[in-house]
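Working through the structure, step by step
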Amino acid sequence: MNIIQQFAQRGHQILRDAVHAAPLKNKEIGAGEYILRQGEEIKALYWITLGEYTMHYNAENGKAFSLGQRFVSDTIIGEIEYLTHTPSQFSVVAHDTMTVKVIPLAMMDTILTGHAEVGVWLSQLLSTSYQRGMARTMERFLQPLVFNIVADLYERNQQNRPLVDFSQVSREAERFGCSERTYRRVINQLIEEQYIQKVAQEYVICDIEKFRLLLTHPGRIG
C-alpha cells in the first residue's frame, strides 16, 4: 500500500468517525424512493452505512440510461455535485429500504478544509468511479448491443448473481440505453439459439463454455 492509499484510508476513517459522532438527522428512504433526483440542487450530502441503490439518467428525448445497481457501505452520496456546485447529474434511487445520515454542507466544509486526508479519499473515490464508469460507458457505446448483453450475463454468472429478473426488464433495458422491446429481442435470440433458458422467473446459461465463446465471436448470434 503506497502513501496515497494510506492517506485515503485515513481520510475515509476520519470522515466516517465524524459522521457517526455528530448528532445528524437520520432520513428513512423506502425502496424505489429517490435519494437524489436528476437536476436537483444539492442542499445536503447523504451517508449510507449499508445499502443498495441504482443510478439513472433521463435525456430530454425520453431515453433513459442506468448505471446499474450498486451495493455500498460507509459511503457518501452527492459528493461530486458538492465539489462542483452543480445540480445532481443522476437520479439515485434506493433499491431497498435504508436509513441515511444527512450531512449539512457546512459540516462537510469544515471536515474537508480541516483534514487533507479526507480530500485525498474523495479524490481517490471519484477517480475510481470515473475509470470504472468510463470503461463501462465506452463498452456500451462502441460494442454491439448483443456483445454488451452477453458480457453482462456472463459476468453475472461468474459472480453467481441472477442473470435476468424479468419483473424489472425495463430497468435491465435502461442499463444498455435501449428500449425494452430491443432488449427482449436480443434475449429471445439467445433463447432460440439455446444459449440461455428460462428457469422459473429467471434466465440461466445452458452451456458456459459455448456462451463464453460469444464474447470473442458475438457475430454467431442471428
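See the structure above.
Every value quoted in this text rests on a predicted model; they were computed, and no experiment measured them.

About the cut-offs
Throughout, residues of each chain are indexed from 1 in the direction in which the sequence is written. pLDDT decides what is reported in this predicted model: residues at 70 or higher carry local features, side-chain atom pairs at 80 or more are listed and counted, and totals for whole chains, interfaces and linings draw on all residues regardless. Just so you know, side-chain values use all the structure's heavy atoms and leave hydrogens and water out. Helix numbers and strand numbers start at the N terminus; a helix is a DSSP run of H or I with at least 4 residues, a strand a run of E with at least 2. Remark: exposure states derive from per-residue accessible area (1.4 Å probe, protein chains only) relative to the maximum for the residue type, with buried under 20%, exposed over 50%, and partly exposed in between. Only four residue types enter the tally: Lys and Arg on the positive side, Asp and Glu on the negative side; His and the chain ends are excluded. Here a salt bridge means any side-chain nitrogen of Lys or Arg lying within 4 Å of a carboxyl oxygen belonging to Asp or Glu. Should any heavy atoms of two residues lie within 4.5 Å, those residues are counted as being in contact. What qualifies as a polar contact is a pair of N or O atoms within 3.5 Å, subject to a donor-acceptor requirement within protein and to the restriction that residues adjacent in sequence count only when both atoms come from side chains. Here, expected helix span is obtained from the residue count minus one, scaled by 1.5 Å. Working definition of a nonpolar core: buried Ala, Val, Leu, Ile, Met, Phe, Trp, Tyr and Cys residues. They are joined through side-chain atoms within 4.5 Å. Side-chain rings of Phe, Tyr and Trp, where Trp is taken by its six-membered ring, are said to pair if the distance between their centres is within 6.5 Å; with planes under 30 degrees apart they count as stacked, over 60 as edge-to-face, and otherwise as tilted. A ring is scored as having a charge over it whenever the NZ atom of a lysine or the CZ atom of an arginine sits within 6 Å of its centre and within 35 degrees of its normal.

This paragraph deals with the side chain of E117. With respect to the helices, strands and loops of the structure, E117 is situated in helix 4 (residues 116-142). One buried charged residue, E117, forms no salt bridge at all, with the nearest opposite charge on R10 at 4.0 Å. If near-sequence neighbours (up to four positions away) are discounted, E117 is found in contact with F7, A8, R10, G11 and I14.

With respect to the helices and strands, the residue R156 is situated in helix 5 (residues 145-158). Looking at R156, the relative accessible area reads 7%, which means it is buried. Within the local environment of R156, its side chain forms a polar contact with the side chain of E172, the two groups lying 2.6 Å apart.

A few words on helix 1 (residues 3-21). With 19 residues, helix 1 should cover 27 Å at 1.5 Å per step; its first-to-last C-alpha distance of 27 Å lies within 8% of that length. Buried residues belonging to helix 1 abut strand 3 (44-58), strand 4 (64-77), strand 6 (98-104), helix 3 (105-114) and helix 4. If you check the start of helix 1, you find a side-chain oxygen 3.1 Å away from the backbone N of I4, and it comes from N2.

With that settled, consider the nonpolar core. If you look at the biggest cluster of nonpolar residues, it comprises 33 residues, and the most contacted ones within it are L15, I35, I48, Y53, I76, I103 and M108. Of all the secondary-structure elements, those providing two or more residues to this core are helix 1, strand 2 (34-36), strand 3, strand 4, strand 5 (91-94), strand 6, helix 3 and helix 4. Ranked by the residues each element gives to this core, the list is headed by strand 3, at 7 residues. Residue contacts for Y53: discarding those within four places in its chain leaves I35, I48, G68, Q69, R70, V72, I77, V92, V93, A94 and H95.

Before going further, it helps to spend a moment on the pattern of salt bridges. On inspection of all chains with the given rule, the structure shows 7 salt bridges. A salt bridge links D152 to R156, with the shortest nitrogen-to-oxygen separation between them at 3.1 Å. With D152 and R156 both in helix 5 and 4 residues apart, this pair spans about one turn of that helix. Of the charged contacts, one joins D152 and R175 as a salt bridge, the two residues approaching to 2.7 Å between their closest N and O atoms. Taken as a pair, D152 in helix 5 and R175 in the loop between helix 6 (169-174) and helix 7 (180-192) lie far apart in primary sequence, 23 residues in all. On the basis of relative accessible area, D152 is assigned to the buried category, the value being 7%. Taking relative accessible area as the criterion, R175 reaches 9% and is therefore assigned buried.

A separate point is the environment of F211. Structurally, F211 can be placed in helix 8 (residues 208-212). For F211, a relative accessible area of 0% gives the class buried. Beyond its immediate stretch of four places on either side in the chain, F211 contacts V150, L153, Y154, Y195, I196 and I205.

So, about the packing of aromatic side chains. Each aromatic ring pair is described using two quantities: the centre-to-centre distance and the angle formed by the ring planes. For the coordinates displayed, the defined rule picks out 3 aromatic pairs. Ring centres of F176 and Y183 lie 5.8 Å apart, and the angle between their planes is 25°; on these two criteria the pair is classed as stacked. Taken together, a centroid distance of 6.5 Å and an interplanar angle of 70° make the contact between Y195 and F211 edge-to-face. With a gap of 16 residues between them, Y195 in the loop between helix 7 and strand 7 (196-199) and F211 in helix 8 connect regions that are remote in the sequence. Each member of the pair Y195 and F211 is classed as buried. Over the aromatic face of Y195 sits the side chain of K210, whose NZ or CZ is 4.7 Å from the ring centroid.

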